[in-house]
Amino acid sequence: VIEALMVGDYDGVFRMRDALEFGDVGIGCTDRIEAEVVVLDGTPWQCRSDGSCSPLDPEALLPFVEICRFDPEAPVQRLGASTHDDLAAAIDGMLASRNHFHAIRVDGEFERVRIRATPAQTPPYRPLAEVAKEQVEHELVGMTGTLLGFWSPSIYQGITVAGLHLHFLADDRSTGGHVLDVAMHRGTLSVSAYARFDLRLPESGAFLGSSLSGDLDAEIVAVEGRTAH
Ligand SMILES: [Zn+2]
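Residues numbered from 1 in each chain as written. Predicted model: local features only at pLDDT ≥ 70, side-chain atom pairs only at ≥ 80, totals over all residues. Heavy atoms only, no water.

Colleague: Mind showing me how you'd approach unusual backbone geometry here?
Modeller: Negative phi values dominate among residues other than glycine, just as trans dominates among peptide bonds. Residue proline 124 is bonded to the preceding proline 123 through a cis peptide linkage, with omega at -5°. Relative to the assigned elements, proline 124 resides in the loop between strand 10 (101–117) and helix 4 (128–131). A positive phi angle is found at isoleucine 33, which is not glycine, with a value near 45°. Structurally, isoleucine 33 can be placed in the loop between strand 2 (25–29) and strand 3 (35–40). Positive phi is not limited to glycine here, since aspartate 41 has a value of about 50°. Note on placement: aspartate 41 falls in the loop between strand 3 and strand 4 (43–48). (Helix = DSSP H or I, 4+ residues; strand = E, 2+ residues; numbered from the N terminus.)

Colleague: How do you make sense of the sheet that holds strand 7 (residues 64–68) when you look at a structure like this?
Modeller: Pairing between the strands of a sheet is mediated by backbone hydrogen bonds and can be parallel or antiparallel. Reading across the sheet, the five strands line up as 5-4-3-2-7 and stay open at both edges, with antiparallel pairing between neighbours. Strand pairing shows two members of the sheet lacking a second neighbour, strand 5 (53–55) and strand 7, which therefore form its edges. On average, adjacent strands in this sheet sit at an angle of 15° to one another, irrespective of strand direction. Of the strand pairs in this sheet, strand 2 and strand 7 are connected by five bridges, and their pairing is antiparallel. Within the sheet, the bridge partner assigned to glycine 28 lies in strand 7 and is valine 65. (Pairing = 2+ DSSP bridges. Axes fitted to C-alpha atoms, helices over the stretch in contact; angles between N-to-C directions.)

Colleague: Honestly, the nonpolar core in this entry has me stumped. Any pointers?
Modeller: Within soluble globular proteins, side chains that are nonpolar tend to cluster in buried spots. One finds Ile91, Ile104, Val106, Phe110, Leu147, Phe168 and Leu189 to be the most contacted residues of the largest nonpolar core, which totals 25 residues. Leucine 189 has contacts with Pro75, Val76, Gln77, Leu79, Ala90, Ile91, Met94, Ile104, Arg105 and Val106, leaving out every residue within four places of it along the chain. Listed in part, the 17 residues of the second largest apolar core include Ile27, Phe70, Ala103 and Tyr156. (Core = buried A, V, L, I, M, F, W, Y, C linked by side-chain atoms within 4.5 Å. Buried < 20%, exposed > 50% of the residue type's maximum accessible area, 1.4 Å probe, protein only. Contact = heavy atoms within 4.5 Å.)

Colleague: Help me understand helix 5 (residues 217–224), please; the structure alone is not making it clear to me.
Modeller: Along an α-helix, a turn takes 3.6 residues, which lines up residues three or four apart on a common side. Residues of helix 5 that are buried include every one of Ile220, Val223 and Glu224, and no others. Each buried residue of helix 5 lies within a common arc of 80° when the element is viewed along its axis, so the set occupies one face. Exposed residues lying more than 90 degrees from the buried face of helix 5 are Ala218 and Ala222. Its buried side turned inward, helix 5 meets helix 1 (2–6), strand 10, helix 4, strand 12 (163–170) and strand 13 (176–194). (Arc of directions from axis to C-beta.)

Colleague: Help me out: how do you make sense of the packing of aromatic side chains in this one?
Modeller: We describe a pair of aromatic rings using the distance from one ring centre to the other and the angle between the two ring planes. Applying the stated criterion to the full structure yields five aromatic pairs. Measuring from centroid to centroid gives 5.4 Å for phenylalanine 110 and phenylalanine 168, while their planes differ by 80°, and the two rings are edge-to-face. Remark: phenylalanine 168 occurs in strand 12 and phenylalanine 110 occurs in strand 10; sequence separation between them is 58 residues. Its relative accessible area of 1% is what places phenylalanine 110 among the buried residues. Classification of phenylalanine 168 by relative accessible area gives buried; the value is 0%. Ring centres of tyrosine 156 and phenylalanine 197 lie 5.5 Å apart, and the angle between their planes is 80°; this geometry places the pair in the edge-to-face category. Residue tyrosine 156 is found in the loop between strand 11 (136–152) and strand 12, and its partner phenylalanine 197 is found in the loop between strand 13 and helix 5; the two are separated by 41 residues along the sequence. Judged by relative accessible area, phenylalanine 197 falls into the partly exposed class, the value being 41%. Aromatic rings pair up to connect Phe101, Tyr156 and Phe197 into one cluster. (Phe/Tyr/Trp six-rings, centres within 6.5 Å; stacked < 30°, edge-to-face > 60°.)

Right, here's the structure in full:
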C-alpha cells in the first residue's frame, strides 16, 4: 500500500516476475526506491534519478507495484494540444464511475514532460515526504512516448494514490519516471475501468510493525500528485 511507502517501508518484498502474472501494464518502484517502474506491454522498465532507463530484472523485488491487464476494447479518445489539466479533464470525462478503478494509457507526442525520481535510500529509512524534498526532477522536451498509470477513487487514498498517478516511458526507452507535469502536442487516451481488485500485503519485513493511520492525504497529495482527487 502507498502509505507504507510514505512511512518509509522501502525494502522490496514483491518479485516483479510474480506481479507480471497479474497484468501487462503497471507502475511501481524498486527496492530502496532507487527507481520508478513502468510495465508496458508486459515488459518492466526502471527509470532512475539520473533520468536513465533500463530493463528491470524480473527477479527484482519491489516495495510497491500496481498492475493490471489493460482492456484492449477500452474506449479511446484522440487528444490535441493538452496541458496536464486538459488531460486530467479528458480522463475525468472517460471514467465509467468515480467509484471504480481505471488504468490510463496515453500514447503521444509531448512538448514537455516533467518527471521525478528519488535517489536510492539506505536504512534507517526516513519518511517519503522528507526524502521527496531531495527528489531529482528532469524536464524532458520534445518526446514521443507513453503515459501510463491509474486513476483511483478517493476512498482508496493510502492504499493507492487517489486520483491520477502517472508514469512516463519514452518510445526509445531512453528515459522516463513519475510524472509531475505534462504538455502534449497530440495523442490517444485510453481508459480501462475495473470494478474489482486484488490487494497483496507484505508478509515480512518492516511492514508488519509499521503504524499505518490512513490519514496521510495531504502528504500523499504533496508527494505523489499535483492533481486534487
Ligand atoms: Zn509514481
